[in-house]
Amino acid sequence: MAYKHKVRKPLIAGNWKMNDLKGDARSLAKSIALETKKIDLNCEVLICPPFTVLSGVKNALWGSNVKLGAQDCSWAENGAHTGDISPVMLKEVGCEYVILGHSERRTDHKETSSMVRSKAKAAHKAGLRTIICIGETLAEREAGLAKEVCEKQIMTSVPKESNGGNTVIAYEPVWAIGTGKTPTPDEVEDMHAFIRSVLVKKLGAMPAVRMRILYGGSMKPSNAEQLLSLKDVDGGLIGGASLKVEDFMSIIKKVK
Ligand code: PEP
């Protein structure tokens, strides 16, 4: 067992995005539940389907070690917020995690880091663990601003009461999401070490050392082993490859 895994249990999380109706979602979840039962898991496994299928997927996961999460939540507990879903509602349906600040939400819904922080506070209050996404665009990277952008996102998106128990960071370079492109292993390692140092600055050494930092962006069976072996990479947030049982399972099996 790698040193980092003694301190932080790796997490492999599937982000299904806006995919799958009830039938396909249930059969995908059932297959993942079944396949994970056949192996000794070296990591926590999480799937984050769309809101509409959370309940059906929860039933399909019954008796397995696969956890359920959502892809967003409101900053409010209840009330006049048409179209929103509160963290308490997610908790009731069986979610343990919620992804917040994914770049697609930051772009499509103009979510700012301070909105992400408000949502994270509400999620923590409801007893959910948050996966807070950060990452630079290609233009920002090419301008040499990747670290500055990520530092600012951490400083503003992560609530000060965050710790390794209630928060996971996902570093997802925007230009790597769904594109098949990934940073080099050296670039990923360098950025994850930097993110950890920013977390130390913001939260103190102990919470920062215990906080998992996932890599996300075109992780697939062919590159997972290398990415997951890097120092300070504590798992992956996986989009496209989490919709195919064989690919998702292959990534899960790469956690050593
Ligand atoms: C994501 O959207 O979080 C993601 C990492 O997507 P993909 O794996 O498809 O790049």
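Residues numbered from 1 in each chain as written. Predicted model: local features only at pLDDT ≥ 70, side-chain atom pairs only at ≥ 80, totals over all residues. Heavy atoms only, no water.

Peer 1: Would you explain the pattern of salt bridges in this entry?
Peer 2: Side chains carrying opposite charge are able to pair once their charged atoms draw close together. The full count for this structure, using the stated rule, is 21 salt bridges. Among the salt bridges present, the one from Glu44 reaches Lys67, with a minimum N-O distance of 3.0 Å. With Glu44 in strand E2 (residues 44-48) and Lys67 in strand E3 (residues 67-70), this pair connects stretches of sequence that are 23 residues apart. The exposure class of Glu44 is buried, given its relative accessible area of 9%. Look at Lys67 and you get partly exposed, because its relative accessible area is 22%. The salt bridge partner of Glu44 is Arg212, with a shortest N-O separation of 2.6 Å. Linking Glu44 in strand E2 with Arg212 in strand E7 (residues 212-216), this pair joins segments that are 168 residues apart in sequence. In this structure Arg212 comes out as buried when scored by relative accessible area, which is 6%. One salt-bridge network, held together by shared partners, links Arg8, Arg196, Lys231, Asp232 and Asp234. (Salt bridge = Lys/Arg side-chain N within 4 Å of Asp/Glu carboxyl O. Helix = DSSP H or I, 4+ residues; strand = E, 2+ residues; numbered from the N terminus. Buried < 20%, exposed > 50% of the residue type's maximum accessible area, 1.4 Å probe, protein only.)

Peer 1: Help me understand the environment of Ile131 in this model?
Peer 2: Residue position: Ile131 is located in strand E5 (residues 129-134). For the pair Ile131 and Ala76, spaced 55 residues apart in the sequence, the C-alpha separation amounts to 18 Å. Other than its neighbours up to four places away in sequence, Ile131 contacts Leu11, Ala13, Leu46, Tyr97, Val98, Ile99, Leu100, Val168, Ala170, Leu214 and Leu237. (Contact = heavy atoms within 4.5 Å.)

Peer 1: Please clarify how the sheet that holds E2 should be interpreted in this entry.
Peer 2: Each strand in a sheet pairs with its neighbour through backbone hydrogen bonds, running either in the same direction (parallel) or in the opposite one (antiparallel). With respect to topology, 8 strands assemble into a closed barrel ordered E1-E2-E3-E4-E5-E6-E7-E8, the strand pairing being parallel. Each strand axis lies, on average, 25 degrees off the axis of its neighbour in the sheet, ignoring direction. In this structure, E5 lies alongside strand E6 (residues 167-171), joined through 5 bridges in parallel fashion. By the bridge assignment for E6, Thr130 is matched with Thr167. Across the sheet, helix H6 (residues 113-125) is in contact with strand E4 (97-100), E5 and E6; its angle to E5 comes to roughly 165 degrees. (Pairing = 2+ DSSP bridges. Axes fitted to C-alpha atoms, helices over the stretch in contact; angles between N-to-C directions.)

Peer 1: What is the right way to look at the pairing of E5 in this model?
Peer 2: Regular strands show a simple pattern: their side chains alternate between the two faces of the sheet. With 5 of its 6 residues buried, E5 lies for the most part within the structure. Here E4 pairs with E5 via 4 bridges, running parallel. Looking across to E5, one finds that Ile99 is bridged to Ile131.

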